[in-house]
Amino acid sequence: TGDPAALDRLYALFYDELRAVARRQIARRGGATLQATELVHEAYGKLAGRALADLHDEAHLLAVAARAMRQVLV
């Protein structure tokens, strides 16, 4: 709540898991022009502007990130 660096720390902690989510999202779409790393970075850009104080746990963070990745792919 109010810590601007909190998302950066979460991002670093979950980076490998976020890449795995990105790979699954890309595979579900039959491939994409983005690589997993690029998709994670694009999703981060979408999330960085949002208030994430309502996140409840790790699963919720990953679900929100997966939604952001789907939006990027669409």
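Heads up: these notes are all about the structure in this document. Because the structure is a prediction, the values reported are computed rather than measured.

**As for the overall build of the protein**
No. 1: Check the secondary structure of the protein and you find four helices and zero strands.
No. 2: Each helix and strand of the protein, ordered N terminal to C terminal, gives the series α-α-α-α.
No. 3: Expressed as a percentage of the 74 residues in the protein, the buried residues total 30%.
No. 4: When contacts within the protein are restricted to residue pairs at least 6 apart in sequence, long-range pairs at least 24 apart make up 62% of them.

**Remarks on the side chain of Gln25**
No. 1: Its location among the elements puts Gln25 in helix α2 (residues 15–28).
No. 2: Residues contacting Gln25, with those up to four places away along its chain left out, are Leu39, Ala66, Met69, Arg70 and Leu73.

Criteria and thresholds
Counting of residues starts from 1 at the beginning of each chain's written sequence and follows it residue by residue. Where local features are concerned, this predicted model is filtered to residues with pLDDT of at least 70; where side-chain atom pairs are given and counted, the filter is 80 or more; whole-chain, interface and lining totals use all residues. Calculated side-chain values reflect all of the structure's heavy atoms, with hydrogen atoms and water omitted. For helices the rule is a DSSP run of H or I covering at least 4 residues; for strands it is a run of E covering at least 2, with both sets numbered from the N terminus onward. Relative accessibility under 20% of the residue-type maximum defines a buried residue, over 50% an exposed one, and the middle range a partly exposed one, all with a 1.4 Å probe and only protein chains included. Contacts are assigned to residue pairs that have any heavy atoms within 4.5 Å of one another.

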